[in-house]
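Single-letter residue listing:
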Amino acid sequence: MAQLGHAGRQRTGGGGPGLRRDAVGLREVLFQSVTSMAPAAAVAVSIPAGAAYAGGALPLSVLIALVACLFTASSVAELARQLPSAGSVATYSAQGLHPALGFLVAWTYLLVEALVPGLLLLQLGFTVADTLHQEWPGYPADLWWPWAVAGAVLIVATGFYGIRASARFGTVLGVFEVLVFVVLAVLLIAAAGRHNTLTVFTTSHTPPDHPGLSGVIAGSVYTVLAFAGFEAAAPLAEETRDPRRTLRRAVLGAALSVGLLFVLTTYAITVYVGPDAFASFGPSGAASWDGVARASYGIFWVLIFLAVVNSTVANANAATNASTRTAFALGRDGLFPRAFARLHPVHRSPVVGLAAQFAIALGTALLLGAAYGPRTAFLLLATVVVVAIIAVYLLTNAACAGYFLRRHRAAFRPVRHLLLPLLGIAAFTPALLTAAGIPAFPFVEKLTSPVSYAGAVVAGWTAVGLVVVAGVRRRRPDALAAAGLVGIEAAEGTGEGAAGASGPTARPGAPGTPARPGVPRSSARPGASGPATRPDAARPAVPSDPSHDEES
């Protein structure tokens with residue numbers, strides 16, 4: 001029993017084996033975020049959806065989203081280094097702001113990651129159906145649903161075999177799709193010749209119906225969707241080698257590298273098509289990436305098609321990893337049914353979460369696809385995801401400032417821990433107001449129905465979350481107060497990433513240390529790897545940083 005750190009690493013709230021420690025490294029974790037951003041699908045479908053609003057200024061919309069995401073990626077990276085937990089953004093808000101807000105962030109993040117696979121299954125379905133119909137007119141263009149079902153089965157099967165198989169699968173898919181679009185972008189820029197212009201990064205090419213900044217901001221709703229997922233490496237914290245360093249590099253690296261890819265490809269297609277004609281560009285037809293590839297480079301369209309299909313599967317796979325790990329952390333902490341903390345005895349995959357994710361993703365795709373058609377259903381889900389994920393990003397930025405100002409003042413850096421989070425909040429607010437349909441400023445553009453329902457959907461989900469958190473706070477105040485700390489306890493218990501730590505007793509009273517004398521181990525919260533959390537405790541102890549966290 002001396003090896004309490006080892007026990008902490010191996011047990012969960014459900015009493016079974018823990019998530020597989022040290023299973024993945026920087027490469028796999030980086031591509032968890034990269035594939036969560038779905039580079040090819042974003043370039044070909046999500047970003048062009050904003051062309052109707054931004055027109056030839058769409059590259060400016062992409063650039064605005066990139067800057068906003070880099071501010072937020074900095075906040076995520078700083079918090080991931082301090083709080084390496086599968087709870088990720090939920091843990092950050094719980095420890096940086098308030099445990100109740102942490103639960104609401106987890107509740108909202110679960111909505112995002114549960115809906116993203118459904119959104120991508122819709123995209124997979126209509127992309128394959130359109131292509132088959134175009135090549136073989138006898139294939140019905142509206143027979144999209146079998147491909148959505150096939151994609152869902154592939155994703156849940158990959159997730160079942162554990163994080164190593166799932167993350168490596170995502171790495172292979174991610175490399176392929178990025179290479180295809182980089183090559184095509186370079187070819188288009190070269191073909192544009194003297195039509196290359198930096199005016200696409202101004203508001204001079206917005207369409208008449210959406211002039212100036214309002215069109216650019218409305219277009220940025222869909223470019224933000226393209227960036228959503230850069231933080232998806234964070235939920236793999238408990239399965240990552242040296243998570244404090246690895247997660248920081250992965251989150252920042254993914255946001256910057258894929259963001260530059262989005263700027264490059266959007267610039268390339270805009271100058272090739274022509275900025276003033278770009279408002280008619282879209283996800284399908286002659287004025288699309290597929291149409292341009294068919295008209296200009298012949299068989300190259302096959303690579304575009306394969307890259308988009310590949311991207312939808314990879315993104316849905318990465319979203320499934322993130323959602324099931326977040327649900328696992330909540331189940332382990334007692335904030336969700338304990339069944340979500342149940343892992344497969346061999347692969348250590350969260351089997352209950354996988355089953356729930358499969359049902360939600362496929363059910364959402366099939367029901368909304370049947371009600372509105374797959375394309376409109378895609379746009380509706382996309383806008384819901386944007387509203388929810390921006391709300392999560394705003395709270396994560398606030399949590400970064402709150403954590404370092406309130407809990408870790410010695411490591412506080414004004415630029416990294418206050419200025420950048422505030423800039424992230426300011427940069428994301430216009431897109432949030434537009435997507436939610438809140439006309440707080442003149443530049444907020446109104447979206448059409450059913451896409452305009454997104455704000456109400458997220459508001460309703462949040463209201464249910466408030467009811468749930470009120471119930472949890474009344475029945476399990478100890479679980480709410482300790483939200484997200486169990487996984488950190490396990491990492492601290494082994495001295496993982498901590499310079500100078502000497503196992504579980506590195507800091508008296510820290511999570512992962514033995515219980516106080518006279519307090520029996522059985523009094524601890526079931527499944528916890530640290531001492532019991534008293535219901536009347538104001539706040540749980542927060543792990544101390546490794547010495548390298550003090551670097552300026």
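Before reading further, recall that the structure is shown in the block above.
Computed from a predicted structure; not experimentally measured.

Each value, and the rule that gives it
Residues numbered from 1 in each chain as written. Predicted model: local features only at pLDDT ≥ 70, side-chain atom pairs only at ≥ 80, totals over all residues. Heavy atoms only, no water. Helix = DSSP H or I, 4+ residues; strand = E, 2+ residues; numbered from the N terminus. Areas by Shrake-Rupley, 256 points an atom, 1.4 Å probe, with all protein chains shown as cover. Phe/Tyr/Trp six-rings, centres within 6.5 Å; stacked < 30°, edge-to-face > 60°. Buried < 20%, exposed > 50% of the residue type's maximum accessible area, 1.4 Å probe, protein only. Lys NZ or Arg CZ within 6 Å of the ring centre and 35° of its normal. Axes fitted to C-alpha atoms, helices over the stretch in contact; angles between N-to-C directions. Parallel < 35°, antiparallel > 145°, perpendicular 65-115°, else oblique. Left-handed = near helix turned anticlockwise from the far one by under 90°. Contact = heavy atoms within 4.5 Å. Nonpolar A, V, L, I, M, F, W, Y, C, P; charged D, E, K, R; others polar. Core = buried A, V, L, I, M, F, W, Y, C linked by side-chain atoms within 4.5 Å. Salt bridge = Lys/Arg side-chain N within 4 Å of Asp/Glu carboxyl O. Expected span 1.5 Å × (residues − 1). Patch = residues over 30% accessible without salt bridge, like charges linked within 9 Å, V, L, I, M, F, W, Y side chains within 5 Å.

Novice: Honestly, the overall build of the chain in this entry has me stumped. Any pointers?
Specialist: Along the chain, the regular secondary structure elements total 19 helices and zero strands. Here the chain displays about 19,600 Å² of accessible surface, and carbon together with sulfur accounts for 67% of that area.

Novice: Honestly, the packing of aromatic side chains in this entry has me stumped. Any pointers?
Specialist: The geometry of an aromatic ring pair is captured by two quantities: the separation of the ring centres and the angle between the planes. Under the criterion given, the structure shown has twelve aromatic pairs. With a centroid separation of 4.7 Å and 15 degrees between ring planes, the pair formed by Phe278 and Phe281 is classed as stacked. With respect to class, Phe278 is no different from Phe281; both count as buried. Three or more aromatic residues joined by ring pairs make a cluster, and in this case those are Phe103, Trp107 and Trp461. If you follow Arg294 out to its NZ or CZ, it ends over the ring of Trp301, 3.7 Å from the centre. Across from the ring centre of Phe412, 5.7 Å away, lies the NZ or CZ of Arg409, which sits over that ring.

Novice: Honestly, the packing of helix H12 (residues 289-297) against helix H13 (residues 300-332) in this entry has me stumped. Any pointers?
Specialist: Helix packing for two helices is described by the angle between their axes and how far apart those axes are. Where H12 meets H13, the closest approach of the two axes is 7 Å, and the angle between their N-to-C directions is 160 degrees. Relative to H13, the element H12 is oriented roughly antiparallel. The two elements H12 and H13 cross, and the hand of that crossing is right-handed. Judged by residue contacts, Asp290, Ala293, Arg294 and Tyr297 of H12 engage Phe300, Trp301 and Ile304 from H13. Looking at the contact of H12 with H13 residue by residue, the classes come out as five nonpolar, no polar and two charged.

Novice: Explain the nonpolar core to me, please; I cannot follow it from the model alone.
Specialist: The nonpolar side chains of soluble globular proteins are, as a tendency, buried together. Ranked by size, the top nonpolar core spans 122 residues in total, and within it Phe181, Phe230, Phe262, Trp289 and Ile390 carry the most contacts. No other element matches helix H15 (residues 374-406), which puts 19 residues into this core. Ignoring sequence-local partners within four residues, the contact set of Phe181 consists of Ala40, Val43, Ala44, Thr265, Trp289, Ile304, Ala307 and Val308. By size, the runner-up hydrophobic cluster in this structure holds 13 residues, among which are Ala100, Ala106, Trp107 and Val472.

Novice: Could you clarify how one ought to interpret the packing of H15 against helix H16 (residues 414-436) in this entry?
Specialist: Where H15 contacts H16, the two axes come as close as 9 Å, and the packing angle between them is 160 degrees. In terms of axis orientation, H15 runs roughly antiparallel to H16. The handedness of the crossing between H15 and H16 comes out as left-handed. Looking at the contact of H15 with H16, its residues break down into 20 nonpolar, five polar and one charged.

Novice: Can you walk me through the pattern of salt bridges in this structure?
Specialist: A side chain with one charge can pair with a side chain of the opposite charge if their charged atoms come near. This model, assessed by the stated rule, comprises six salt bridges. The salt bridge partner of Arg248 is Glu78, with a shortest N-O separation of 2.9 Å. Taken together, the residues span a long stretch of sequence, with Arg248 in helix H11 (residues 243-273) and Glu78 in helix H5 (residues 58-82) at a distance of 170 residues. Judged by its relative accessible area of 23%, Arg248 falls in the partly exposed class. For Glu78, a relative accessible area of 1% corresponds to the buried category. Measuring nitrogen to oxygen at the nearest pair gives 2.2 Å for the salt bridge that ties Asp130 to Arg375. A residue pair is termed long-range when its members are at least 10 positions apart, and Asp130 in helix H7 (residues 99-135) and Arg375 in helix H15 qualify at 245 residues.

Novice: Would you mind showing me how to read H11 here?
Specialist: Owing to its 3.6 residues per turn, the α-helix aligns residues three or four sequence positions apart on the same side. Given a rise of 1.5 Å per residue, 31 residues ought to cover 45 Å, and the 44 Å separating the end C-alpha atoms of H11 matches this to within 8%. Where H11 terminates, the next one or two residues include Gly274, which has phi positive at roughly 115 degrees.

Novice: Can you walk me through a nonpolar patch on the surface in this structure?
Specialist: Among the surface-exposed residues, Phe176, Leu303 and Leu306 lie close enough to one another that they form a single nonpolar patch of about 220 Å² accessible area. By the secondary structure assignment, Leu306 is in helix H13. According to the relative accessible area criterion, Leu306 is partly exposed, its value standing at 40%.

Novice: Explain H15 to me, please; I cannot follow it from the model alone.
Specialist: In this model, H15 (33 residues) spans 47 Å end to end at C-alpha, consistent with the 48 Å of a helix rising 1.5 Å per residue. Of all 33 residues making up H15, 25 are buried, and the element is well covered by its neighbours.

Don't take any of this as a statement about function, it's just geometry.
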